[in-house]
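Listed below are the residues making up each chain.
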Amino acid sequence: MKEDRQWQGSHHDLAMQQADDKTVLGDFDDATLTQFGVTSRFFRKDGRFVVHTDGTDGKLHDYDIAYTFGVYPLQQYLVPFPGGRLQVLDIAWDSSPRAEGGQRWFHLHPDEKIAAGDVLYWTEPNLNWNYMCAGCHSTNLKKHYDSATRTYKTSWSEIDVSCEACHGPGSMHVGRAKAVAAGRDTGAANRGLTVVFGERKAVHWTTDDATRKPVRSQPNKSHKEIRGCARCHSRRSQLSDDFVPGQSFMDAYHPALLTQDLYYPDGQIQDEVYVWGSFQQSRMFHQGGVTCSDCHDPHSAQLRAPGEQVCYQCHAAARYATKTHHHHQAGSRGSSCVECHMPATTFMGVDRRHDHSFRIPRPDLTVKLAVPNACNACHEDKDASWAVETVEKWYGQKPKGYQQFASVLQAGRQQCVGSLPSC
């Protein structure tokens, strides 16, 4: 079926794989990387992929690679340890093209020596796959942690992020497919799928003649899709190991709020908080009824249209793809919807992740609260005051944006009343 073909080769399909000649992207042809006096070597032995690197005791050992972890722009590797643990190696392979600086081994902590015993060391809890990563990289994951013996017997239905990760148990769907193939369609509702995401069905977008803003043909009231995606595309704590797709997100997870050090006081992403938390702040979510699959194909995980064209599905290019709107040369970085309204932060050395709050750049808040702004992300040779003056000159006013809570949140973080001069 079409959806399965789209999923094949997607980031969900390749989220985790057994290490073999087809799945391993890294150079295991006796390649080396030296970091803080430790030289790690990557090689093949008897058909296995092996890394010679520092271990739990800080000494060099040979470790077999059992699984690949992710695919682009970096690929990591999982090493089996006693007690059912899988540990994520903190040396990763940059899988981007060589012309972009890729095709190399690099360390995830390039500027800080992480010693054995540190919680951030690769054999310690923060890089333990069972605890930290497994639930979002495999399907129907059960940790099966035994606190008495401190061991795992982790299991999964599929090694990667497959259909059932979003649509729930698929036995009825498979049964219906077999019936159709045998010429005896059972007429199962929703094609036998346990969870159906139908929020975009028969929905279209138009432009309001008066406001020139996008309008959804019918309001989106359920937000089922966004909550389904939130399970993995959010910074959250897990409350239960028994979550089944279709349940409420909040039944099993506790999402991080605009916590200090995770988000800047204006709500921009600061640490690895993923997408859900910033999108919840957006006007697109609150007023427009926009859902994830308006922009992203849910099966291929690719954008529904290339580059800025995905924005012009709803926002009239005749209005926004103009110098009158963005005040930059066409085709330049400054003319990009994404660069201005979805500024990126690089995590894990090479992974640029875009803020999804779709905010108006606010250099005035940089002056006031030292938060980042999209203007100075490009114009690094200028200060934020220059950006404030330029924006005001262009548009005749200081932009307000949709996220207007920054000063109050900052005052709360400082445990003072926002009206006091000292704040």
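Residues numbered from 1 in each chain as written. Predicted model: local features only at pLDDT ≥ 70, side-chain atom pairs only at ≥ 80, totals over all residues. Heavy atoms only, no water.

Colleague: Describe the overall build of the chain, listing the residues and the values that go with them.
Modeller: Across its full length, the chain carries 17 helices and 18 strands. Relative to the globule expectation of 22 Å for 423 residues, the C-alpha radius of gyration of the chain, 24 Å, shows essentially globular dimensions. Taken along its principal axes, the extent of the C-alpha atoms in the chain is 70 × 65 × 45 Å. By the burial criterion, 41% of the 423 residues in the chain qualify as buried. Long-range contacts, defined here as pairs at least 24 residues apart, represent 49% of the contacts in the chain between residues at least 6 apart. Accessible area of the chain: about 23300 Å², with a carbon and sulfur share of 52%. A distance of 7 Å separates the average location of the 46 positive side-chain charges in the chain from that of its 48 negative side-chain charges. (Helix = DSSP H or I, 4+ residues; strand = E, 2+ residues; numbered from the N terminus. Rg over C-alpha atoms; globule rule 2.2 N^0.38 Å. Buried < 20%, exposed > 50% of the residue type's maximum accessible area, 1.4 Å probe, protein only. Contact = heavy atoms within 4.5 Å. Areas by Shrake-Rupley, 256 points an atom, 1.4 Å probe, with all protein chains shown as cover. Lys, Arg positive; Asp, Glu negative; His and termini not counted. Charge placed at Lys NZ, Arg CZ, Asp CG, Glu CD.)

Colleague: Just give me the short version of the pattern of salt bridges, but keep the residues and values in it.
Modeller: Considering all chains together, one arrives at 13 salt bridges under this definition. Of the charged contacts, one joins Arg44 and Asp21 as a salt bridge, the two residues approaching to 3.0 Å between their closest N and O atoms. Residue Arg44 is found in strand E3 (residues 38-45), and its partner Asp21 is found in the loop between strand E1 (16-18) and strand E2 (31-35); the two are separated by 23 residues along the sequence. Arg44 gets classed as partly exposed once you look at its relative accessible area, which sits at 38%. On the basis of relative accessibility, which here comes to 58%, the residue Asp21 falls in the exposed class. We note a salt bridge from Asp94 to Arg104, for which the minimum N-O separation is 3.3 Å. With Asp94 in strand E9 (residues 91-94) and Arg104 in strand E10 (residues 104-107), this residue pair connects regions lying ten residues apart in the sequence. Residue Asp94 is classed as buried on the basis of its relative accessible area of 2%. The network of salt bridges with shared partners includes Asp46, Arg48 and Asp64. (Salt bridge = Lys/Arg side-chain N within 4 Å of Asp/Glu carboxyl O.)

Colleague: Describe the side chain of Thr390, listing the residues and the values that go with them.
Modeller: Counting through the fold element by element, Thr390 comes out in helix H16 (residues 384-395). Judged by its relative accessible area of 15%, Thr390 is buried.

Colleague: Can you tell me about the nonpolar core, naming the residues and giving the values?
Modeller: Ranked by size, the top nonpolar core spans 30 residues in total, and within it Phe28, Leu78, Trp105, Trp122 and Trp129 carry the most contacts. Contributions of two or more residues to this core are made by E2, strand E4 (48-54), strand E6 (67-69), strand E7 (74-80), strand E8 (86-88) and E9. With three residues, E7 is the largest single contributor of residues to this core. When sequence neighbours within four positions are dropped, the list of residues in contact with Phe28 reads Phe42, Phe43, Arg44, Phe49, Val50, Ile65, Tyr77 and Trp105. Core analysis: the second largest hydrophobic core is formed by ten residues, Phe243, Phe249, Phe279 and Val290 among them. (Core = buried A, V, L, I, M, F, W, Y, C linked by side-chain atoms within 4.5 Å.)

Colleague: Describe the packing of aromatic side chains, and please don't skip the residues or the numbers.
Modeller: One pass over the structure, following the stated rule, counts 19 aromatic pairs. Arranged with centres 5.5 Å apart and planes meeting at 65 degrees, the rings of Phe249 and Trp276 form a pair that is edge-to-face. Here Phe249 is found in helix H7 (residues 249-252), whereas its partner Trp276 is found in helix H8 (residues 276-279), with 27 residues between them in sequence. For Phe249, a relative accessible area of 2% gives the class buried. In this structure an aromatic cluster arises from ring pairing among Phe28, Phe42, Phe49, Tyr77, Trp93 and Trp105. The side chain of Arg41 reaches across the aromatic face of Phe43, ending 4.1 Å from its centre. Positioned above the aromatic ring of Phe49, the side-chain terminus of Arg44 is 4.0 Å from the ring centre. (Phe/Tyr/Trp six-rings, centres within 6.5 Å; stacked < 30°, edge-to-face > 60°. Lys NZ or Arg CZ within 6 Å of the ring centre and 35° of its normal.)

Colleague: Got a sec to walk through the sheet that holds E4? Specific residues and values, please.
Modeller: In spatial order, the strands read E2-E3-E4-E5; together these four strands make up an open sheet with antiparallel pairing. On the outer flanks of this sheet lie E2 and strand E5 (60-64), each paired with one strand and no other. Neighbour-to-neighbour, the strand axes of the sheet open up by a mean angle of 20 degrees, direction not taken into account. Where E4 meets E5, five bridges bridge the pair, whose relative direction is antiparallel. If you follow His52 over to E5, its bridge partner there is Asp62. (Pairing = 2+ DSSP bridges. Axes fitted to C-alpha atoms, helices over the stretch in contact; angles between N-to-C directions.)

Colleague: Give a description of unusual backbone geometry that names residues and reports values.
Modeller: For the bond running from Tyr72 to Pro73, omega is 5 degrees, close enough to zero to count as cis. Within the element layout of this structure, Pro73 appears in the loop between E6 and E7. In the Ramachandran plot, Phe36 falls in the positive-phi region, its phi being about 50 degrees despite a non-glycine side chain. With respect to the secondary-structure elements, Phe36 resides in the loop between E2 and E3. Here Phe36 falls in the partly exposed class, since its relative accessible area comes to 43%.

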